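# Inside the fold
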Amino acid sequence: MIALEIASWFFLIAGAFFSIVGGIGIIRLPEFFSRMHGGGITDTMGAGLILIGLLCLAGPTLVAAKLLAILFFLTITSPSSCHALAHSALIHGVKPELDVKPKPNTIMNPPYGPRDGDAS
Amino acid sequence: MRYAFWLTVALIATWLLWSGHFDNPFLLGLGALSVLVSLYVSLRMKIVDEEGAPAQLGIRPFVFYAPWLAKEIVESNLAVAKIILSRKMKLKRNMITIRSHQKCELGRVILANSITLTPGTVSVQMEDDKILIHGLNLEETEEDMSGEMDERICRLEKSK
Amino acid sequence: MIPCCMMPLMFAASEAAGHVAHSASGRGHASSADLHNMLNHSAQAFQLSATHHVMMATSAAVLVTMTLALIRAMAGPTVFDRVLALNMFGTKTVLFICVVSFVTARTDFLDLALLYSLMNFIGMVALLRFTQYRSFGEEPA
């Protein structure tokens, strides 16, 4: 019991640290496509560690099942919305600043305008 | 039929777990009603197939794939956190295209979501079997970038 | 045996040991069993409060992150920066509700967190559909 509580302190503090790092990243990083990575840190590591820390406190109850469901939904929905956001930004002509010159065939046909079956 | 069965099981489990009432007949009746309604609606929408209710994957994504993905996420998280906290951010932003080798759409979606879930790489666009990736600090070449992920998901969907 | 001058301190340190204090002062001295009991109680109280403090610190960190996201939402040059910041704000709200539900020991708040995470996702997709098609309907306007 005590070991679980100490583990939960560790997870909660680590999760808090990573979520603040992600927040700093979303402020510091230079342009939109980089900032998405800062948001990704808080969505995966911050949320995951905090929820795991709470799971350690919850014990094997229905509360733990709910926390697991929240974790599951966050891991499914956060990359989906991140992808939708990036795709939408690219469609609207937000040019990603690149440090490396991309190969000519790297960027696919510029996706101007919505196409059929585009599900974002 | 198999997909509908497993969808029903998942819906019933969801209702029981989230409500937390196991002995109140009124609430159980409401649960049965809502399970039937959602089953009917999803059958009518024709989304009960290997994509909407991926019963063919079973429990393997959680047992074999999720732990490995969690390890990858932790590693790339540490890398990105180091970049953000360093005084002079050493960015090497790049966009590359990789090819996925999965057979069905579900495998490709899992691959793209896993790529986005690991910080430092975001899948921006998907076309047929090509995935355009924006990377914060990409050092790998296109081949070994997410090669293992691709292979693992292929194995996941192949073994039925 | 612990010196008598330390006793008030120890008693004050742990509320849980109050009844032990009473019985001990009634007899004029504390037996070793009483002391043992009391230390156990104070250890429990300390742990409970430590977990409490850790959770308070975590919720404060989540609030700081939410503030940073709001700063980006206000400053963001493009609309996508703002949407990204709002998405992060929503995720942090879910986490905040979870942590607060544990701090206040009202775990039925978790249902709200679950609902909020789903609504956040649906809202995001709806917003992006709107920016893409300029309407929420099926037909591109």
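Predicted, not measured: the structure shown is a model, and the values here were computed from it.

### Points about the overall build of chain B
In terms of helices and strands, chain B carries 5 helices and 3 strands. Reading chain B from its N end, one meets helices and strands in the order α-α-α-β-α-β-β-α. Dimensions of chain B along its principal axes, counting C-alpha atoms only, are 65 × 35 × 25 Å. Nonlocal contacts in chain B, meaning residues at least 24 apart in sequence, comprise 70% of its contacts between residues at least 6 apart. Here chain B displays about 9,300 Å² of accessible surface, and carbon together with sulfur accounts for 64% of that area. In chain B, the 19 positive side-chain charges and the 19 negative ones have mean positions that sit 3 Å from each other.

### Comments concerning helix H1 (residues 2–19) of chain B
Note: α-helices contain 3.6 residues per turn, so residues at a spacing of three or four share the same orientation. Its 18 residues give H1(B) an end-to-end C-alpha distance of 26 Å, which sits within 8% of 26 Å, the value for a rise of 1.5 Å per residue. The first or second residue beyond H1(B) is Gly20(B), which carries a positive phi of 80°.

### Some words on the pattern of salt bridges
Following the criterion strictly, the structure yields 3 salt bridges over all chains and no others. The partner of Glu31(A) in a salt bridge is Arg93(B), with the nearest N and O atoms 3.2 Å apart. Taken together, the residues span two chains, with Glu31(A) in the loop between helix H1 (2–28) and helix H2 (32–58) and Arg93(B) in the loop between helix H3 (60–85) and strand E1 (94–99). The same class applies to Glu31(A) and to Arg93(B), which are both buried. With a shortest N-O distance of 2.6 Å, Asp81(C) and Arg35(A) are connected by a salt bridge. Taken as a pair, Asp81(C) in helix H4 (residues 79–103) and Arg35(A) in helix H2 lie in two separate chains rather than in one. Residues Asp81(C) and Arg35(A) agree in their burial class; the two are buried.

### Here we look at the packing of aromatic side chains
Counted under the stated rule, the structure contains 8 aromatic pairs over all chains. With 6.0 Å between their ring centres and 50° between their planes, Phe32(A) and Phe80(C) make a pair best called tilted. One end of the pair, Phe32(A), is in helix H2; the other, Phe80(C), is in helix H4, on a second chain. Taking relative accessible area as the criterion, Phe80(C) reaches 4% and is therefore assigned buried. For the ring pair Tyr65(B) and Trp68(B), a centre distance of 6.0 Å and an interplane angle of 35° mean the geometry is tilted. Pair noted here: Tyr65(B) and Trp68(B) are both in helix H3, with a separation of 3 residues, about one helical turn. On the accessibility criterion, Tyr65(B) (8% relative accessible area) is buried. Each member of the aromatic cluster is reached from another via a ring pair, and the members are Phe32(A), Phe33(A) and Phe80(C).

### A short note on the confidence of the model for chain B
Summary statistics for chain B give a mean pLDDT of 81 and a share of 93% for residues scoring 70 or more. Model confidence for chain B, summarised as mean pLDDT per element, is weakest for helix H5 (residues 147–158) of chain B at 76 and strongest for helix H2 (residues 25–44) of chain B at 92.

### Overview of empty space enclosed by the protein
Inspection of every chain in the model, using the stated rule, returns 3 cavities of 30 Å³ or more. Of the voids in this model, the largest cavity is the one considered here, and its volume is about 150 Å³. Taken together, 19 residues make up the lining of the largest cavity; nearest its centre are Met36(A), Gly39(A), Gly40(A), Asp43(A) and Cys82(A). Looking at the lining of the largest cavity, the elements that each hand over two or more residues are H2 and helix H3 (62–91) of chain A, helix H4 (105–117) and strand E2 (121–127) of chain B together with H4 of chain C. If you tally residues by element for the lining of the largest cavity, the top one is H2(A), at 6 residues. Grouping the constituent residues of the lining of the largest cavity by class yields 8 nonpolar, 10 polar and 1 charged.

### Some thoughts on the nonpolar core
By size, the foremost hydrophobic cluster in this structure holds 27 residues, and its most contacted members are Leu51(A), Leu54(A), Leu67(A), Ile70(A), Cys98(C) and Phe102(C). Not counting residues up to four positions away in its chain, the partners in contact with Leu54(A) are Leu12(A), Leu67(A), Met55(C), Cys98(C), Val99(C) and Phe102(C). Formed by 22 residues, the second largest nonpolar core is a distinct cluster that contains Ile26(A), Ala84(A), Ala89(A) and Leu84(C).

### Quick look at unusual backbone geometry
For residues that are not glycine, phi is negative in most cases, and the peptide bond is trans in most cases. With phi around 55°, Lys46(B) is a residue other than glycine that occupies positive phi space. Within the secondary structure, Lys46(B) is located in the loop between H2 and H3. Assessed through its relative accessible area of 69%, Lys46(B) is described here as exposed. Positive phi outside glycine occurs at Ala105(C), with the angle close to 55°. Following the sequence through the fold, Ala105(C) ends up in the loop between H4 and helix H5 (109–133).

### Section: the environment of Ile83(B)
All names here are of chain B. The residue Ile83 is located in helix H3 in this model. Residue class for Ile83 comes out buried when judged on its relative accessible area of 11%. Leaving out residues up to four positions away in the same chain, Ile83 has contacts with Met89, Lys90, Leu91 and Asn137.

### Considerations on the domain arrangement of chain B
The domains assigned to chain B are domain 1 (2–44) and domain 2 (57–158). Taking only C-alpha atoms into account, the centre of domain 1 of chain B sits 35 Å from that of domain 2 of chain B.

### Quick notes on the confidence of the model for chain C
Residue and element names in this part refer to chain C. Per-residue pLDDT for chain C averages 73, and the proportion of residues at 70 or more is 62%. When mean pLDDT is taken per element in chain C, H4 scores highest with 90 and helix H1 (residues 7–13) scores lowest with 42. Note on residues 1–28: pLDDT is under 50 here. Beyond four places in sequence and across chains, it has 21 contacts. Scoring the predicted complex yields pTM 0.78 and, for the interface, ipTM 0.82.

So, how was this worked out
- Within any chain, residue numbers begin from 1 and follow the written order of that chain's sequence.
- Labels are handed out in written order, letters beginning with A for the chains and numbers beginning with 1 for the ligands.
- Where totals are concerned, whole chains, interfaces and linings use all residues; where local detail is concerned, this predicted model gives features only for residues with pLDDT of at least 70, and gives and counts side-chain atom pairs only at 80 or more.
- Computation of side-chain values covers all heavy atoms of the structure but excludes hydrogens and water.
- The helix count covers DSSP runs of H or I at least four residues long, the strand count covers runs of E at least two residues long, and both are numbered beginning at the N terminus.
- Here, two residues are considered to be in contact whenever any of their heavy atoms come within 4.5 Å of each other.
- Method for areas: the Shrake-Rupley scheme with a 1.4 Å probe, in which residue coverage is limited to the protein chains shown.
- Neither His nor the chain ends is counted toward charge; the positive residues are Lys and Arg and the negative residues Asp and Glu.
- To locate a charge, the coordinates of NZ of Lys, CZ of Arg, CG of Asp or CD of Glu are taken.
- Any helix carries an expected span of 1.5 Å times its number of residues minus one.
- Put simply, a salt bridge is a Lys or Arg side-chain nitrogen that is within 4 Å of an Asp or Glu carboxyl oxygen.
- Three exposure classes are used, based on accessible area relative to the maximum for each residue type with a 1.4 Å probe and protein chains only: buried under 20%, partly exposed in between, and exposed over 50%.
- Each pair of aromatic rings taken from Phe, Tyr and Trp, with Trp reduced to its six-membered ring, is defined by centres within 6.5 Å and is described as stacked if the planes are under 30 degrees apart, edge-to-face if over 60, and tilted in the remaining cases.
- On a scale of 0 to 100, pLDDT captures the predictor's confidence in every residue.
- A 1.4 Å probe that fits into a set of points on a 1 Å grid over the protein atoms alone but cannot get out defines a cavity; an open set with protein on both sides within 12 Å along at least five of seven lines defines a pocket, and lining residues are those with an atom within 4 Å of a point.
- Grid points are joined across faces, edges and corners, and a volume is the space filled by probe spheres set on the points.
- Three classes are used: nonpolar for Ala, Val, Leu, Ile, Met, Phe, Trp, Tyr, Cys and Pro, charged for Asp, Glu, Lys and Arg, and polar for all others, with Gly counted as polar.
- Side-chain atoms within 4.5 Å are what join buried Ala, Val, Leu, Ile, Met, Phe, Trp, Tyr and Cys residues into a set we call a nonpolar core.
- Segmentation into domains, and thus their bounds, comes from an automatic or database assignment.

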